[in-house]
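Here's the letter readout for the chains.
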Amino acid sequence: MRISEPKVVAALPDLGVELCPGTPLAEHTSLGIGGTTDLLLVHEHKHLPELVSLLDRHAIPHRLLGGGTNLLVADGELPWVVLQRARSGHDVILEGNFALVDAAADLGRTVTYCAKNNLGGMAFEYRHTSFAPDDIMLSVKLELPSKPFREILEGIRVCNEKRRSSQPLNQKSAGCIFKNPPGASAGSMIDALGLKGHRVGGACVSGRHANFFVNTGRATAADMLALIADVRERVRAANGAELENEVIVWKD
Ligand code: EPU
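What comes next concerns the included structure. Note that the coordinates shown come from a computational prediction; the quantities given were computed from them, not determined experimentally.

## Notes on the nonpolar core
Ranked by size, the top nonpolar core spans 24 residues in total, and within it L72, F178, I190, F213, M224, I228 and V231 carry the most contacts. Only helix 5 (186-192), strand 10 (203-205) and helix 6 (221-239) provide two or more residues apiece to this core. No other element matches helix 6, which puts six residues into this core. F178 has contacts with A186, I190, N211, F213, I228, V231, R232, L243, E244, N245 and E246, leaving out every residue within four places of it along the chain. By size, the runner-up hydrophobic cluster in this structure holds 15 residues, among which are I3, L15, L40 and L83.

## Looking at the sheet that holds strand 5 (residues 81-85)
As summarised here, the arrangement of the four strands in space is 1-2-5-3, forming an open sheet in which the pairing is mixed. Both outer strands of the open sheet, strand 1 (17-24) and strand 3 (62-65), are each paired with one neighbouring strand and no more. Neighbour-to-neighbour, the strand axes of this sheet turn through a mean angle of 30°, independent of strand direction. Across six bridges, the pairing between strand 1 and strand 2 (residues 36-42) is antiparallel. Across the sheet, the residue bridging to P24 is T36, located in strand 2. Against the sheet, helix 2 (residues 48-57) touches strand 1, strand 2, strand 3 and strand 5, its axis set at about 175° to strand 5.

## Describing helix 2
All of the buried residues along helix 2 are L48, L51, V52, L54 and L55. Buried residues of helix 2 fall within an arc of 160° about the axis and therefore sit on the same side. In helix 2, the exposed residues that point more than 90 degrees away from the buried face are P49 and R57. Buried positions along helix 2 lie against helix 1 (6-11), strand 1, strand 2, strand 3 and strand 5. Just past helix 2, the residue A59 takes up positive phi, approximately 50°.

## What about the side chain of D38?
For D38, the position within the fold is in strand 2. In terms of polar contacts, D38 uses its side chain to reach the backbone amide nitrogen of I3, at 2.8 Å. Sequence-distant contacts of D38, defined by excluding residues within four places in its chain, comprise M1, R2, I3, L19, C20, P21, G22, V81 and V82.

## Re the side chain of D223
One can find D223 in helix 6. Although buried, D223 forms no salt bridge, and the nearest oppositely charged side chain, R199, lies 7.8 Å from it. Apart from residues lying up to four places away in sequence, D223 is in contact with V200, G201, G202, A203 and R218.

Parameters and conventions
- Residues numbered from 1 in each chain as written.
- Predicted model: local features only at pLDDT ≥ 70, side-chain atom pairs only at ≥ 80, totals over all residues.
- Heavy atoms only, no water.
- Core = buried A, V, L, I, M, F, W, Y, C linked by side-chain atoms within 4.5 Å.
- Buried < 20%, exposed > 50% of the residue type's maximum accessible area, 1.4 Å probe, protein only.
- Helix = DSSP H or I, 4+ residues; strand = E, 2+ residues; numbered from the N terminus.
- Contact = heavy atoms within 4.5 Å.
- Pairing = 2+ DSSP bridges.
- Axes fitted to C-alpha atoms, helices over the stretch in contact; angles between N-to-C directions.
- Arc of directions from axis to C-beta.
- Polar contact = N/O pair within 3.5 Å; in protein donor to acceptor, adjacent residues only side chain to side chain.
- Lys, Arg positive; Asp, Glu negative; His and termini not counted.
- Salt bridge = Lys/Arg side-chain N within 4 Å of Asp/Glu carboxyl O.

As structure tokens, this is what we get:
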């Protein structure tokens, strides 16, 4: 979608918003898939409420993009504009055992920065927060326990080693495609059906972890959605289990 209303375009600089017309979202998602739309880079989050109401007043549909790592975006010209917080060099501020972290901060860099300051033990409860799905988080204040840097580093090393050995980290993916059903593993169910390497167009079930579907080069959203539907149906037929998407799909 292109913003054609001159009043909206004219108001953006005062809100600290940079308009990037016709941006391919494939360049902003870890899957490397996604059509084209106007991207609004928000440099100062204090202006976000005003920006959202400006877009609402002019009936311009919009979505908020985070890091783009758990997201499958449709192909072609998209029917909404996308807002994204611009990253800055000053996105983590430490005050004693508190870390004030901007929503645009890179997770890996934040964890390492806190670790270097002997603060560890970060994480929401597994797949649960007290926030509503349409709440917008601008920044968080985390209270972190003090831990020696070496101990935190060892924890990070163990996690990274586990992920490197079992997940296709050097390929384009959105992480796990399906949630684990209670008491079961979606990856092992898909693997047990011999589906590693199964593909639709450029979308393929990873040979390393069957709950990761990778873009082998030129996958479209249509390829990926067809692969997801096919694997879900095969698991349903074989196990009677209904796999729910873990990946967020922006289709319409
Ligand atoms: N397994 C297989 N074949 C496979 C993949 C896994 O048999 O192709 C087996 C493993 O051997 C293991 C079991 O399935 O016995 C569980 O596998 P794994 O330890 O890899 O964990 P997971 O449940 O598949 C979860 C999260 C991951 C997270 C890892 C960290 C979900 C859906 N996935 O994976 O999160 O990185 O634990 O250990 O909860 C994500 O959020 O995108 C994600 C990938």
